[in-house]
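Overview (structure and organization)
Given next are the chains, with one letter for each unit.
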Amino acid sequence: LNIHKQDLSNPAEVSIPSLDKELLSKIVTYVEQNMADNNLSVEKMCEHIGMSRMNLHRRLHAIVGKTASEFIREIRIKRAGQLLSSGSKRISEVMFEIGISSNAHFNKYFKEMYGVSPKEFIKTSGAAENV
């Protein structure tokens, strides 16, 4: 089963077995509900969903090819992209909302996902006119 290339931001649209889909849905929901918490940890998430860190790591790696930390970060950065493209928030506001407090980390992760810096992303999405 290889879903590594699928868009995982909407678990309902991913074609995977139902138990794995349920797990992804729980993770995405938990991250979305706790996104602003920059202390959000894999340990807290494991406790919430009732799974050991090692089992979660194995399951996530088998489903999406990522660690739990990478998956959480991917959800956060995708949300940042959505928020920045809407043009209604500044970069610092988006960082606060997604729970990443370091400019350097945010820029690095954003560029890894989108291929451009957050500022360039805003310019190319036309969102800069709205802020």
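These lines cover the structure that appears in this document, whether it is placed above or below. (Residues numbered from 1 in each chain as written. Predicted model: local features only at pLDDT ≥ 70, side-chain atom pairs only at ≥ 80, totals over all residues. Heavy atoms only, no water.)

Focus: the pattern of salt bridges
Within the structure shown, the criterion is met by 8 salt bridges. Note that lysine 26 is salt-bridged to glutamate 22, the shortest N-O span being 3.7 Å. You can see lysine 26 and its partner glutamate 22 sitting in helix H1 (residues 18-33), 4 residues apart, about one turn around the helix. On the accessibility criterion, lysine 26 (39% relative accessible area) is partly exposed. Of the charged contacts in the structure, one is a salt bridge between glutamate 74 and lysine 66, with a shortest N-O distance of 3.2 Å. Bridged by salt links that share partners, the residues Lys66, Glu74 and Lys78 form one connected network. (Salt bridge = Lys/Arg side-chain N within 4 Å of Asp/Glu carboxyl O. Helix = DSSP H or I, 4+ residues; strand = E, 2+ residues; numbered from the N terminus. Buried < 20%, exposed > 50% of the residue type's maximum accessible area, 1.4 Å probe, protein only.)

So, the packing of aromatic side chains
The final tally for this structure, using the stated rule, is 4 aromatic pairs. For the pair tyrosine 114 and phenylalanine 121, a centre-to-centre distance of 4.9 Å together with 50° between the ring planes defines the contact as tilted. On the basis of relative accessible area, tyrosine 114 is assigned to the partly exposed category, the value being 30%. Residue phenylalanine 121 is classed as buried on the basis of its relative accessible area, which comes to 13%. Ring pairing ties together the aromatic residues Phe106, Phe110, Tyr114 and Phe121, which thus form one cluster. The ring of tyrosine 109 has arginine 73 sitting right over it, with the charged end atom 4.3 Å from the ring centre. (Phe/Tyr/Trp six-rings, centres within 6.5 Å; stacked < 30°, edge-to-face > 60°. Lys NZ or Arg CZ within 6 Å of the ring centre and 35° of its normal.)

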